[in-house]
Amino acid sequence: MRMASGMEGQETHAPPREGRHAHGNDVTSSRTVRRVLMTADAVGDVWTYALELTRALAPHGVEVTLATMGAPLTSAQWAEARGIPNLSVEEGRFRLEWMEDPWDDVRSAGDWLLALERRVRPDVVHLNGYVHGALPWLHRPLVVGHACRLSWWRAVKGEDAPACHARYREAVTAGLGAAGRVVTPSRDLLDSLQMHYGPLTAAEVIPHARRADRVPPRSEREPFILSVGSPWDAAKNVAVLDAAAPRLGWPVRLAGDARHPSERKAEPRHLQWMGHLEPHVLAEWMSRASIYVLPARYAPFGLTALEAALSGCALVLGDIPALREVWGDGAACFVPPDDVDALVEALERLREDTGLRTRLALRARAWALTYTPRRMASRYLSAYASLIGTRDALSPAGTPTQ
């Protein structure tokens, strides 16, 4: 590989079966896709998603060049990437479009990405961000949404984003409008994008996925509750969990960075904070925890909840549309994100009732097993093929012919 820099009482539904509409059709197109240029944040879940998808594309003979931005890769990230034979990494350290005052870096990153396209000559450009969709690509790219600043503001603040976000809105609108296809991991996020940035004529939902064999579930679980998030992260709502912790019979352990991207630092008062954990260490903690809690106000998919369910945890999640969509009825216990009393009640009920906790964990894992990397890769191959199929109708600059 080449590396370079630059709960009871709820109605229980069966998990979706292969081919059911909730997860889309499992169809691999015969159109040839051999090289993909993909972008990824080096921070957060997008990195995890990009590597999982790359692994799943390997059996189809697809080589991925991953252009990373946002932060330098850690030694653990380099090690993880080196274990994927169909992956090449190009490391950039440009600020991301959702960070404060990123626009000079966004412009420089665009020049860098276009140079990579000329060198790599990919069949498809897959962007895990919005703004660079408007670059003059040879062919229209796939733009995958993972979150957005405006929908985050609405979910967390309960109001529209202020006028200072106007430039972000305009740039994202342009990027989405220039995309050949748009993908999101949930219908809720897709609806949010269309509400904030206008209609999307070629868009679909492809849920995220994780391998089920990373750390097999243990039959004996330990008496603690686990969460993943940063103390300052209002979307994951760690502050509410911190407020609930003194009233719980089990300790709550929190994994996540304490330092905010703006360099502020915060630590929880009542949670057993473990700091940042590398993926294999976090997976081990998940395999030991009895309950995983994510009282999120905003989570367009919730990848850590999927990982926890595969590891055998019972789930207590924020009652928001995206998480309801991903988990359905019966696979998780849902609580209003800002209701400390409800959160305490749900966690204490599961702590006290071993049978209920075990049943909920089994339901969660059964549902999580339907989000397979194989299906995810198949859906993305079909999306890639749809882009190749539209090229005859596109000009070399990537715009529709008249």
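Residues numbered from 1 in each chain as written. Predicted model: local features only at pLDDT ≥ 70, side-chain atom pairs only at ≥ 80, totals over all residues. Heavy atoms only, no water.

1. Some thoughts on the overall build of the chain
Of the regular secondary structure elements, the chain holds 13 helices and 14 strands. Evaluated residue by residue, the chain yields a buried proportion of 56% over its 402 residues. With the model as given, the accessible surface of the chain reaches about 17,100 Å², and the carbon-plus-sulfur share is 50%. (Helix = DSSP H or I, 4+ residues; strand = E, 2+ residues; numbered from the N terminus. Buried < 20%, exposed > 50% of the residue type's maximum accessible area, 1.4 Å probe, protein only. Areas by Shrake-Rupley, 256 points an atom, 1.4 Å probe, with all protein chains shown as cover.)

2. What about the environment of Val-215?
With respect to the helices and strands, the residue Val-215 is situated in the loop between β8 (203–205) and β9 (222–228). Judged by relative accessible area, Val-215 falls into the buried class, the value being 17%. Taking the C-alpha atoms as reference points, Val-215 and Ala-283, 68 residues apart in sequence, are found 6.3 Å from one another. Ignoring anything within four residues of it in the chain, the contact list for Val-215 reads Ala-283, Glu-284, Ser-287 and Ser-311. (Contact = heavy atoms within 4.5 Å.)

3. A look at the pairing of strand β4 (residues 87–91)
Counted residue by residue, β4 has five buried out of five residues, so it is predominantly covered. A two-sided burial pattern is seen for β4, the buried positions comprising Leu-87, Val-89 and Glu-91 on one face and Ser-88 and Glu-90 on the other. Judged from the five bridges that link them, strand β3 (residues 63–69) and β4 form a sheet pairing that is parallel. Each residue of the ladder has a partner; that of Thr-68, found in β4, is Glu-91. Taken together, β3, helix α2 (residues 75–82) and β4 constitute a β-α-β crossover, and its handedness is right-handed. (Pairing = 2+ DSSP bridges. Right-handed = clockwise from strand over helix to strand, strands pointing away.)

4. As for the packing of aromatic side chains
Within the structure shown, the criterion is met by six aromatic pairs. On the basis of an interplanar angle of 85 degrees and a centroid distance of 5.8 Å, the ring pair of Phe-301 and Tyr-371 is categorised as edge-to-face. Here the residue Phe-301 occupies a position in the loop between β12 (289–294) and α9 (303–310), and Tyr-371 occupies one in the loop between α12 (354–368) and α13 (373–389), the gap between them amounting to 70 residues. By the burial criterion, Phe-301 is buried, and Tyr-371 matches it. Seen from their ring centres, Tyr-380 and Tyr-384 are 6.2 Å apart, and the 50 degrees between their planes marks the pair as tilted. Of this pair, Tyr-380 and Tyr-384 both sit in helix α13, four residues apart, which is roughly one turn of that helix. Overall, the relative accessible area of 0% leaves Tyr-380 in the buried class. (Phe/Tyr/Trp six-rings, centres within 6.5 Å; stacked < 30°, edge-to-face > 60°.)

5. Side note on helix α4 (residues 149–157)
Regarding α4, the residues found buried are Arg-149, Leu-150, Ser-151, Trp-153 and Val-156. Turning to α4, the residues buried within the fold contact α5 (166–178) and α6 (187–197). Where α4 terminates, the next one or two residues include Gly-158, which has phi positive at roughly 75 degrees.

6. Digging into the pattern of salt bridges
Counted under the stated rule, the structure contains 21 salt bridges. For Glu-284, the salt bridge identified is with Arg-218, shortest N-O distance 2.0 Å. Separated by 66 residues along the polypeptide, Glu-284 in helix α8 (residues 279–288) and Arg-218 in the loop between β8 and β9 bring together distant segments of the chain. Between Glu-348 and Arg-351 there is a salt bridge; the shortest N-O distance is 2.8 Å. With Glu-348 and Arg-351 both in helix α11 (residues 340–352) and three residues apart, this pair spans about one turn of that helix. A network of salt bridges, in which partner residues are shared, links Glu-52, Arg-55, Glu-80, Arg-210, Arg-211 and Glu-307. (Salt bridge = Lys/Arg side-chain N within 4 Å of Asp/Glu carboxyl O.)

7. Some points on the sheet that holds β12
Taken in spatial order, the six strands of this open sheet run β11-β10-β9-β12-β13-β14, and their pairing is parallel. At either end of the open sheet lies a strand with only one pairing partner, and these are β11 (272–275) and β14 (333–335). The average undirected angle you get between the axes of adjacent strands in this sheet is 25 degrees. In terms of strand pairing, β12 meets strand β13 (residues 314–318) through four bridges, oriented parallel. (Axes fitted to C-alpha atoms, helices over the stretch in contact; angles between N-to-C directions.)

8. Digging into the side chain of Asn-237
Note on placement: Asn-237 falls in the loop between β9 and α7 (238–244). Among the residues examined, Asn-237 registers a relative accessible area of 1% and is labelled buried.

9. Focus on α9
For α9, the tally of buried residues reaches eight of eight residues, placing the bulk of the element in the interior. Within α9 the residues assigned to the buried category are Leu-303, Thr-304, Ala-305, Leu-306, Glu-307, Ala-308, Ala-309 and Leu-310.

10. A word on the nonpolar core
Considering soluble globular proteins, one finds that nonpolar side chains tend to be buried as a cluster. If you look at the biggest cluster of nonpolar residues, it comprises 38 residues, and the most contacted ones within it are Tyr-130, Tyr-168, Leu-176 and Tyr-197. If you list the elements that add at least two residues to this core, you get β3, α3 (103–120), β5 (124–127), α4, α5 and α6. The element best represented in this core is α3, accounting for seven residues. Apart from residues lying up to four places away in sequence, Tyr-168 is in contact with Glu-97, Trp-98, Trp-103, Tyr-130, Cys-148, Arg-149, Leu-150 and Tyr-197. By size, the runner-up hydrophobic cluster in this structure holds 36 residues, among which are Leu-87, Val-144, Met-376 and Tyr-384. (Core = buried A, V, L, I, M, F, W, Y, C linked by side-chain atoms within 4.5 Å.)

11. Concerning the confidence of the model for the chain
Chain-level statistics for the chain give a pLDDT mean of 88 and a share of 87% at 70 or above. Note on residues 2–30: pLDDT is under 50 here. Beyond four places in sequence and across chains, it has 80 contacts. Segment residues 392–402 is flagged for pLDDT under 50; beyond a separation of four residues in sequence, or across chains, it makes 18 contacts in the model. (pLDDT = per-residue confidence, 0-100.)

12. Describing the side chain of His-208
Topologically, His-208 is positioned in the loop between β8 and β9. When near neighbours in sequence (up to four residues on either side) are disregarded, His-208 contacts Tyr-49, His-146, Pro-185, Phe-301, Leu-303, Leu-306, Tyr-371 and Met-376.

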